[in-house]
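Descriptive structure summary
Here is how the chains run, residue by residue.
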Amino acid sequence: MVLRVDHVCKEYRGGVRANDDISIRVNAGQVYGLLGHNGAGKTTLVNQVAGLIRPTSGTIRIGDGDPVADPGFAHRVCSVQPQAQVPLMGVTPRQAITLVARIRGAGRAEAATATQRLLEALDITEWADTPAERLSGGVRRLAAYCLAAVRPGQVIVLDEPSNDVDPVRRRLLWQQVRSLADDGAAVLLVTHNLTEVERILDRLSVLAHGRVVAEGTVADLRAGAGPALRLDVSLSAGTEEPAVPAFAAQPPRRDRQRLVYALDTAEAVAATEWAARMQAAGAVEDFSLYPMRVEDIYLALEEHQPATDEEVNDVVAP
Ligand SMILES: Nc1ncnc2c1ncn2[C@@H]1O[C@H](COP(=O)(O)OP(=O)(O)OP(=O)(O)O)[C@@H](O)[C@H]1O
């Protein structure tokens, strides 16, 4: 076990309870996802792991070390890509990444090779020697990822590493994140890109209002989330929502003209035929049937959460 977080609470000055009794475990070789709404407490949690802020109560251990009592230890064993853009100034990505590799103990040739390998893997060699002030937001973000990944510690914290990154390079990024864990690191990944990261996660927690509201492998969360399939239907403009069809396990989730029905695998044919008939009649623009995704589980959990911290306080107040 590389990382153990036990009953961690963090209350900021002013009384905001950003983490409320959080316990998680992350092993070497795992990518552990932290999901949750804006303000759920994800960044607060990972910054405590990285020794950047102190918990109000609870314990954190990385191996046998204590990143709270000894932030210097945390800084040595954790590699962090912060949520905010890294203020790279006066250097090129290649210079900055090579320098970090050297500071972390790589020899000159090793640092140069590792830097080149990362730049190529993320397809950003074109900007490797461009002064950082002239980089686009996405390339800057990828360069910041390289700073964390070039000679990583045992624990790697990546706080929304894909913000501003284009879809093709996001795919490359997720492959790299997966290989960091495959090489033996424990990776804590904060992201809102649920569908994209689903395949690379070993376990995940969903946080809401500072608490863990779901935890496990993707398969665990799927098993606890009801019917296995989803039918996504886009209604044609002006079409009323149809009566709930017999194949649907419950009323659909609605997002403007888009309806998402939950259904059991046995209902797949009935659902597809219904949607095709609706499309032929002009009521439906397009539709797709797919296995339940982490995003569906997440949205279902969100629907059952109180909307605000005040409502949480109402719920937990005696
Ligand atoms: N330094 C601070 N002082 C006071 N409150 C803070 C501070 N930092 C964060 N908060 C509050 O703590 C709560 C959790 O914030 P945090 O940044 O950890 O959430 P998050 O899940 O990372 O959100 P996002 O997805 O928007 O980045 C929020 O209510 C936030 O406003």
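Residues numbered from 1 in each chain as written. Predicted model: local features only at pLDDT ≥ 70, side-chain atom pairs only at ≥ 80, totals over all residues.

A look at the sheet that holds strand β8 (residues 203-208)
The strands making up a sheet associate through hydrogen bonds between their backbones, and the pairing can be parallel or antiparallel. Strand order in the open sheet formed by six strands is β5-β6-β7-β3-β8-β9, and the pairing between neighbours is mixed. Among the strands making up the open sheet, the edge pair consists of β5 (78-81) and β9 (211-216). Direction aside, neighbouring strands of the sheet carry axes that sit 15 degrees apart on average. Two elements, strand β3 (residues 31-36) and strand β7 (residues 186-190), share four bridges in a ladder whose sense is parallel. Looking at the pairing, L34 lines up with V190 of β7. The strands that helix α5 (residues 137-149) touches are β5 and β6 (155-159); relative to β5, the one it contacts most, it runs at about 175 degrees. Contacts from helix α6 (residues 167-182) reach β3, β6 and β7 within the one sheet, and its direction differs from that of β7 by about 150 degrees. (Pairing = 2+ DSSP bridges. Helix = DSSP H or I, 4+ residues; strand = E, 2+ residues; numbered from the N terminus. Axes fitted to C-alpha atoms, helices over the stretch in contact; angles between N-to-C directions. Contact = placed C-beta atoms within 7 Å.)

Some points on the pairing of β3
Two faces belong to every sheet, and in a regular strand the side chains alternate between them. The buried count for β3 comes to six of six residues, which makes it a mostly enclosed element. Every second residue of β3 is oriented toward a common face, with V31, G33 and L35 on one face and Y32, L34 and G36 on the other, all of them buried. Where β3 meets β8, five bridges bridge the pair, whose relative direction is parallel. Pairing of G33 across the sheet is with L204, part of β8. (Buried ≥ 20, exposed ≤ 12 C-beta atoms within 10 Å, placed from the backbone.)

Focus: the sheet that holds strand β12 (residues 258-263)
In space, the four strands of this open sheet follow the order β11-β12-β10-β13, with antiparallel pairing throughout. Since the sheet does not close on itself, it has two edges, and those belong to β11 (253-255) and β13 (284-291), each with one partner. Strand after strand, the sheet turns through a mean of 15 degrees between neighbouring axes, direction not considered. Here strand β10 (residues 229-235) runs beside β13; their pairing, made up of seven bridges, is antiparallel. Considered in β13, the bridge of V233 is made with F287.

A look at the UniProt feature "domain: ABC transporter" (unreviewed entry) in the protein
The positions that UniProt labels "domain: ABC transporter" (unreviewed entry) are, in the present scheme, residues 3-234. In this annotation, residues 3-234 is assigned 34% helix and 27% strand; the end-to-end C-alpha distance for the span is 43 Å. (UniProt positions renumbered as here; feature names shortened; annotations may be inferred.)

Focus: the nonpolar core
In this structure, V49, C146, V155, V157, V187, L188 and L189 are the most contacted members of the largest nonpolar core, which totals 69 residues. Here this core takes nine residues from α5, the largest share from any one element. Setting aside its immediate chain neighbours within four residues, V157 contacts V46, V49, A50, C78, V80, Q81 and L188. Membership of the second largest hydrophobic core comes to 13 residues, among which are L231, Y261, L263 and A271. (Core = buried A, V, L, I, M, F, W, Y, C linked by C-beta atoms within 7 Å.)

Looking at helix α3 (residues 93-103)
Three or four residues apart is the spacing at which side chains of an α-helix point the same way, because the helix has 3.6 residues per turn. Buried residues of α3: P93, R94, A96, I97, T98, V100 and A101, and no others. On its buried face, α3 is in contact with α4 (108-121) and α5. A positive backbone phi angle near 110 degrees is found at G105, which sits one or two residues after α3.

A word on the pairing of β10
Across six bridges, β10 lies against β12 in antiparallel orientation. Residue pairing for β12: D232 is matched across the bridge by V260.

A few points about the site of the ligand
Not every one of the 13 residues close to the ligand is listed here, only the nearest: Y12, A18, N38, T43 and T44. Broken down by element, the shell around the ligand gets its largest block of residues, three residues, from helix α1 (residues 42-49). Residues of the shell around the ligand, tallied by class, amount to four nonpolar, eight polar and one charged. (Near = placed C-beta within 6 Å. Nonpolar A, V, L, I, M, F, W, Y, C, P; charged D, E, K, R; others polar.)

A word on the domain arrangement of the protein
In many analyses, interface size is given as the accessible surface area lost on bringing the parts together. Partitioning the protein into domains gives domain 1 (3-222) and domain 2 (226-291). For domain 1 and domain 2, the distance between their C-alpha centroids amounts to 38 Å. (Domains from an automatic or database assignment.)

As for helix α9 (residues 268-280)
An ideal rise of 1.5 Å per residue puts 18 Å on 13 residues; α9 measures up with 18 Å between its terminal C-alpha atoms. Considered for burial, the residues of α9 that qualify are A271, W274 and A275. In an axial view of α9, the angular spread of the buried residues amounts to 95 degrees, which keeps them on one side of the axis. Along α9, the residues that are exposed and aim more than 90 degrees away from the buried face are V269, E273, A276, R277 and A280. Contact partners of the buried residues in α9: β10, β12 and β13. Downstream of α9 by a residue or two, G282 has a phi angle that is positive, lying close to 85 degrees. (Expected span 1.5 Å × (residues − 1). Arc of directions from axis to C-beta.)

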